[in-house]
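# Per-entry structural report
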Amino acid sequence: MKNTRIIVSNKDFHKYSGSLAVVLIDEQKNIPSFLDKQIKRKIKKILNLGDFRGKKDEQLLLYMDSARSKGARSAERLLLVGFGNSAESDRSIVLDALRSGGGIIAQTAKKIKADEIMVVLPDYLENVPCYGAEQIVEGILLGDYQFVKYKKAEKPADKFSGIHQITVLARKNINGVRKAVRRAQYVSEAALSARDMANEPGNKWTPQHFVDFARSLARQSSLTCKVLNREQMKKAGMGGILAVSQGSAVAPKLVIVEHIPQRYTKTILLVGKGLTFDSGGISIKPSAGMEDMKYDMCGGAAVLSTMQALAVEQPDVKVVAIVPSSENLSGSMAVKPGDVITHYNGITSEVVNTDAEGRLILADALSYGIKRYKPDFVVDLATLTGAVIVSLGHHRTGLMSNDDSLAEKLAESGRICGEPIWRLPLGQEYSKQIESEVADIKNVGGKEGGSITAAAYLEKFVGDTPWAHLDIAGTAWDFTKKSYIPKGPSGTGVRTLIDFIRKCKKKV
Ligand code: BES
Ligand code: ZN
Ligand code: ZN
């Protein structure tokens, strides 16, 4: 992964002589106080003419006169980015406008191939911690992302390898800004690592790649890693993951990564669906768009990438991430509609539709993780149902939970991180839909309430443990268009989980 250098500086604006300087301006027409007079005058003139109004995501690129005042070199270009209404009372909107501004900066930098940029902190944002340095940098790093590994034909002259250096110009609270910027960096890197995994095609990202990633993470940090192979899963009785994987020559894996602080009182279990390709199995999917099913591992990518950030952050809460990983293919040994399987906790299930495989692998991982780690709460992330796209579109992640307080905390973290979450209910009526004539339960409950009946299936495996299920099928890719989320996988869930775990830490 590219390593962007980030410098926090309190030098004079005119001492910066790089290729792109950026100033954020709000609708109230505030201008950062520590710009030099000449620049301020220039910006004021533009604002008075009405050519730039500070509207959210508005942008204006100016070319500077480099032969300015004595000795002062100044930047070649000055980009004005609109911030919108800085008096907005909803904090999540203000924070997302900052990220969005960061994304706009990254898009412009790409257009003009500016690999070294400087951002003047909007110090008029007095109510935002560190004047939004964290969110601006997050937006730049997330917006600067590209996945070009397999593009070999592009001419070197057309290539832009991204932003290599960001200077953040600050005048107050320099240490706070440094910390904020550092946090933004490792959190964004984690989200980008989730995007990287997701972008890998199915032939290049198999269950073994999750194992390799987790092992390498553990080697480089205080995290530990354990892996269960097919034989161990057989011994343990994980009938769900074994059934899903039996139609493929690629071996399934159960990957476990742990963060164990010296002192802790709470344990959080994260479980992520790591289906590296979902053809549907014998209940095969239509071929149009099937290539997107390489993204069916985004839940697994999100939880392991979260661990990557926690290795840096070192929260004093124990966090265990489990990724059940498999392919879902239709080889001659494949599980068939009507087959009955037995899950890790002894519950039997009639596999009515082999395309509803996510819940089968998650069921084993959830019951195993809960039995083994006795967590205080569990969060699972999965691209589980097409139905969640029908209900919430690509704008919100679906949340189903047996615990109101956990659900509220997660939803609040999602809101603050620009990854909105919407809760759907659970209940007896839905559980009834998955009753089977031949086994304890069946793996589909009909078309109606498809996301909820999928969650009702998972609910059978969590007992009384507070649990929340995030259905990210609509948001893991094709997420709402945002400047800091380029086309393709979004890395959703990573920033929300980190924020959530940070808040759990405070509560213990
Ligand atoms: N991985 C899919 C869910 C999915 C569909 C994610 C579209 C993203 C976009 C999952 O395994 C699946 O196929 N679910 C079925 C369940 C059905 C058979 C009850 C679905 O949603 O159609
Ligand atoms: Zn499926
Ligand atoms: Zn799937």
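Thresholds, definitions, all that
- Residues numbered from 1 in each chain as written.
- Chains lettered and ligands numbered in written order.
- Predicted model: local features only at pLDDT ≥ 70, side-chain atom pairs only at ≥ 80, totals over all residues.
- Heavy atoms only, no water.
- Axes fitted to C-alpha atoms, helices over the stretch in contact; angles between N-to-C directions.
- Helix = DSSP H or I, 4+ residues; strand = E, 2+ residues; numbered from the N terminus.
- Parallel < 35°, antiparallel > 145°, perpendicular 65-115°, else oblique.
- Left-handed = near helix turned anticlockwise from the far one by under 90°.
- Contact = heavy atoms within 4.5 Å.
- Nonpolar A, V, L, I, M, F, W, Y, C, P; charged D, E, K, R; others polar.
- Polar contact = N/O pair within 3.5 Å; in protein donor to acceptor, adjacent residues only side chain to side chain.
- Buried < 20%, exposed > 50% of the residue type's maximum accessible area, 1.4 Å probe, protein only.
- Near = heavy atom within 4 Å.
- Areas by Shrake-Rupley, 256 points an atom, 1.4 Å probe, with all protein chains shown as cover.
- Pairing = 2+ DSSP bridges.
- Phe/Tyr/Trp six-rings, centres within 6.5 Å; stacked < 30°, edge-to-face > 60°.
- Donors = N, O, S within 2.8 Å, 3.2 Å for Na, K, Ca; no water.
- Tetrahedral: all angles 85-135°; square planar, octahedral: opposite > 155°, others 65-115°.
- Salt bridge = Lys/Arg side-chain N within 4 Å of Asp/Glu carboxyl O.
- Expected span 1.5 Å × (residues − 1).

### Thoughts on the packing of helix H2 (residues 91–112) against helix H3 (residues 133–143)
- Following both chains from N to C, one finds H2 and H3 inclined at 40°, their axes separated by 7 Å at the closest point. Put simply, H2 runs oblique to H3. Between H2 and H3 the crossing geometry is right-handed. Facing H2, whose interface residues are Leu95, Leu98, Arg99, Gly102, Gly103, Ile105 and Ala106, H3 presents Gln135, Ile136, Glu138, Gly139, Ile140 and Gly143.
- A class-by-class count of the residues in the contact of H2 with H3 yields 6 nonpolar, 5 polar and 2 charged.

### Quick look at the environment of Arg195
- Mapped onto the elements of the fold, Arg195 is located in helix H4 (residues 174–199).
- Separated by 70 residues in the primary sequence, Arg195 and Leu125 place their C-alpha atoms 31 Å from one another.
- Dropping the residues within four chain positions of it, Arg195 is found in contact with Leu142, Tyr145, Tyr484, Ile485, Pro486, Pro489, Ser490 and Gly491.
- Among the polar contacts listed, one links the side chain of Arg195 to the backbone oxygen of Ser490, at a separation of 3.0 Å.

### Overview of helix H13 (residues 450–459)
- Extensive coverage of H13 is indicated by the burial of 9 of its 10 residues.
- Turning to H13, its buried residues number three or more, namely Gly450, Ser451, Ile452, Thr453, Ala454, Ala455, Ala456, Tyr457 and Leu458.

### Let's talk about the site of ligand 1
- By nearness alone, 17 residues border ligand 1, and Asp278, Lys285, Asp355, Glu357 and Gly386 come closest of all.
- Between Lys273 and ligand 1, the recorded distance is 3.2 Å, taken from a side-chain N or O atom to an oxygen atom.
- A total of 510 Å² of accessible area belongs to ligand 1 in isolation, and the protein chains cover 79% of it.
- Looking at the shell around ligand 1 residue by residue, the classes come out as 6 nonpolar, 4 polar and 7 charged.

### As for the sheet that holds strand E17 (residues 441–442)
- With mixed pairing, the 3 strands of this open sheet are ordered in space as E12-E13-E17. In this open sheet, the two strands that pair with only one neighbour each are strand E12 (339–342) and E17.
- Bridge count for E12 against strand E13 (residues 348–351) is 4 bridges, and the pairing is antiparallel. Across the sheet, residue Thr342 finds its bridge partner in E13, namely Thr348.

### Considering the packing of aromatic side chains
- Counted by the stated rule, this structure contains 6 aromatic pairs.
- When the centroid spacing of 5.5 Å and the interplanar angle of 90° are considered together, the rings of Trp205 and Phe210 count as edge-to-face.
- In this structure Phe210 comes out as buried when scored by relative accessible area, which is 0%.

### Side note on the coordination of the zinc ion (ligand 3)
- Only Lys273 (NZ), Asp278 (OD), Asp296 (OD) and Glu357 (OE) from the protein coordinate the zinc ion (ligand 3), and they sit 2.0 to 2.4 Å from it.
- Because the angles between the 6 donor atoms bound to the zinc ion (ligand 3) fall within 77 to 174°, the donor set is best described as octahedral.
- For the zinc ion (ligand 3), all donor residues lie on one chain, and their spacing in sequence is K-x4-D-x17-D-x60-E.
- Here the zinc ion (ligand 3) and the zinc ion (ligand 2) are spaced 3.2 Å apart, linked through Asp278, which binds each one. With a gap of 23 residues between them, Lys273 in the loop between strand E9 (267–272) and strand E10 (274–278) and Asp296 in the loop between E10 and helix H8 (298–313) connect regions that are remote in the sequence.
- The exposure class assigned to Lys273 is buried, which follows from its relative accessible area of 2%.
- Given the relative accessible area of 2%, Asp296 is considered buried.

### Observations regarding unusual backbone geometry
- The phi torsion at Lys29 lies on the positive side, around 65°, for a residue other than glycine.
- Given a relative accessible area of 40%, Lys29 falls into the partly exposed group.

### Thoughts on the pattern of salt bridges
- Overall, the coordinates contain 24 salt bridges when judged by the stated rule.
- Across the salt bridge formed by Arg502 and Glu313, the nearest N and O atoms sit 2.9 Å from each other. Of this pair, Arg502 sits in helix H14 (residues 494–507) while Glu313 is found in helix H8, placing the two residues 189 residues apart along the sequence.
- Arg502 gets classed as buried once you look at its relative accessible area, which sits at 18%.
- Exposure remark for Glu313: the relative accessible area of 14% places this residue in the buried category.
- Lys432 is the partner of Glu435 in a salt bridge, and the nearest nitrogen-oxygen pair spans 3.5 Å.
- Among the residues examined, Glu435 registers a relative accessible area of 48% and is labelled partly exposed.
- Salt bridges sharing partners connect three or more residues here, namely Asp96, Arg99, Glu138, Glu419, Lys482 and Arg495.

### Focus on the side chain of Arg495
- By the secondary structure assignment, Arg495 is in helix H14.
- Arg495 has contacts with Arg99, Glu138, Leu142, Val187, Ala191, Cys417, Glu419 and Tyr484, leaving out every residue within four places of it along the chain.

### Quick look at the environment of Lys432
- Tracing the backbone shows Lys432 in helix H12 (residues 428–433).
- For Lys432, a relative accessible area of 55% translates into the label exposed.
- C-alpha separation for the pair Lys432 and Thr453, spaced 21 residues apart in sequence, amounts to 8.9 Å.

### Re H8
- For H8, which comprises 16 residues, the first-to-last C-alpha distance of 22 Å matches the rise-based estimate of 22 Å (1.5 Å per residue) to within 8%.
- Of all 16 residues that make up H8, 15 are buried, and the element is covered over most of its length.
- Gln314 lies just past H8 and shows a positive phi near 50°.

### Overview of the coordination of the zinc ion (ligand 2)
- Each protein donor to the zinc ion (ligand 2) is listed here as Asp278 (OD), Asp355 (O), Asp355 (OD) and Glu357 (OE); together their distances run 2.0 to 2.2 Å.
- Seen from the zinc ion (ligand 2), its 6 donor atoms lie at angles of 70 to 167°, and the figure they make is irregular.
- In primary-sequence terms, the residues that donate to the zinc ion (ligand 2) follow D-x76-D-x1-E.
- With a relative accessible area of 3%, Asp278 lands in the buried category.

Spatial relationships are all this shows, so hold off on functional conclusions.
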